[in-house]
Amino acid sequence: MNNHEAKKDNNTNPNGMQTPQENKNKRSSFIEEHQSGKVAVLGSGSYGTAMAYIATHNKHKVMLYSRDQKVVDSINKKHVNPKRFSSVVLPESISASTDIEEVLLGASVVIHAVPAQYTPNFIGKFKHLFKKGVPIVSTAKGIHVQTHRLMSEAIPHALGEFSEDIPLVYLSGPSFAKEMIKGHPMAVVVASENLKDAQHVQKLLSSVRFRCYASDDVIGVEVGGALKNPLAIGAGMAQGLGFGQSTIAGLVTRGCREMRQLAMALGGKAETLAGLSGIGDLMLTCFSSLSRNNRCGKLLAEGKSVEEAFSIIGEVVEGVPTAREVILLAEQHKLELPLFRAVDAVLSGKVKPEDALGLIMGRDLGLEKFH
């Protein structure tokens, strides 16, 4: 399917897959200028805690939502998240609550930091509490397995009748929570179908240590954020098998091409994948041992099962469910995507990590193409 066809198709395709859509009849921005300076963060995991810290750079008051009363009590009394970054003392401007209504009350922006696989149910459960005109900034990266949707489809669908009144923005780019919480300078991209919404969030969150760039290519930004995770698993496998930087560099380069192919098939822009949410995030996750997906790949190469790797890592590894979804999309759009197919073959138990090399390097020779 070419770009024009992808944008025209508003229906579920015959295979039952949902094709991400760009809303070309962009609604007017509903964002209002709220003066409270309060930022609500939904999710007290690593990235939610890090985003709460980032939001304090601009002197915002931040309230973090957590289901765990012990986490809430510790943050409010000791300014420490006992489950994430327990050695870090958080700014006093961060508070927490198990009452999501309290967290959302008076907020000028809502940062959604719940993992992708839990996002639709979470948003749907609390959709009546989100305020008209207050943007939701999603940091979730991945494709929802049950509905086969990117977050830019899953979240509006979960919001239902409220979706037209709530500006939706998607944050992606090279940003490890551990480095965010240490104050390392970094750059990300915030995307919305309405560029003014992205620019509004850009101004709210940007600081000298956290620079946001704005984009209206939601599909391109989302594809980059989601698809880099399975490739990072592949990079971890290569490292676990003892291969060096030359191997990883090749994987990153060819992997970015496969990401561009799928982004374009879904209606995104190829050039977006050359930016922060594409090659930027891909390099970070493929080359760094801080990446959960990278660590998962290494553990698989060492002979661990997927379940054992999950247990050792102790956090969500989004690349595992995303890998299968990428293959479903590849089949739907008749794309080869050999790197993604090799990773999926290992994750599904069809081949061993050491045998996946042949699936990639043993293919017919051809020209180097960029799209």
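Each remark here, short or long, concerns the structure printed above.
Notes on the structure follow.

What counts and how
- Residues numbered from 1 in each chain as written.
- Predicted model: local features only at pLDDT ≥ 70, side-chain atom pairs only at ≥ 80, totals over all residues.
- Heavy atoms only, no water.
- Helix = DSSP H or I, 4+ residues; strand = E, 2+ residues; numbered from the N terminus.
- Buried < 20%, exposed > 50% of the residue type's maximum accessible area, 1.4 Å probe, protein only.
- Contact = heavy atoms within 4.5 Å.
- Areas by Shrake-Rupley, 256 points an atom, 1.4 Å probe, with all protein chains shown as cover.
- Axes fitted to C-alpha atoms, helices over the stretch in contact; angles between N-to-C directions.
- Parallel < 35°, antiparallel > 145°, perpendicular 65-115°, else oblique.
- Nonpolar A, V, L, I, M, F, W, Y, C, P; charged D, E, K, R; others polar.
- Pairing = 2+ DSSP bridges.

Some words on the overall build of the protein chain
Here is step 1: The number of helices and strands found in the protein chain is 16 helices and ten strands.
Here is step 2: The burial tally for the protein chain puts 56% of its 371 residues in the buried class.
Here is step 3: Across the protein chain, contacts joining residues at least 24 apart in sequence account for 71% of those joining residues at least 6 apart.
Here is step 4: When the accessible surface of the protein chain is totalled, it reaches about 16400 Å², and 52% of it is carbon and sulfur.

As for the packing of helix α9 (residues 218-240) against helix α14 (residues 319-333)
Here is step 1: Relative to each other, α9 and α14 sit at 105°, their axes nearing to 8 Å. When the axes of α9 and α14 are compared, the pair comes out roughly perpendicular. Across from A226, L227, N229, P230 and I233 in α9, the residues of α14 making contact are G319, V320, T322, A323 and V326.
Here is step 2: Split by residue class, the contact of α9 with α14 holds seven nonpolar, three polar and no charged.

What about the sheet that holds strand β9 (residues 186-191)?
Here is step 1: Read from one edge of the open sheet, eight strands run β3-β2-β1-β4-β5-β8-β9-β10, paired in mixed fashion. The strands lining the two open edges of the sheet, one partner per strand, are β3 (94-97) and β10 (210-215). Here the strands of the sheet are splayed against their neighbours by 25° on average, with no regard to which way each runs.
Here is step 2: Pairing of strand β5 (residues 136-138) with strand β8 (residues 168-172), which is carried by three bridges, proceeds in the parallel orientation. Note on β8: the bridge partner recorded for S138 is Y170.
Here is step 3: Strand contacts of helix α5 (residues 119-126): β1 (38-42), β2 (61-65) and β4 (109-112), with the helix running at about 145° to β4, the strand carrying the most contacts.
Here is step 4: In the packing of helix α8 (residues 195-205) onto the sheet, contacts are made with β4, β5, β8, β9 and β10, and the angle to β10 comes to roughly 175°.

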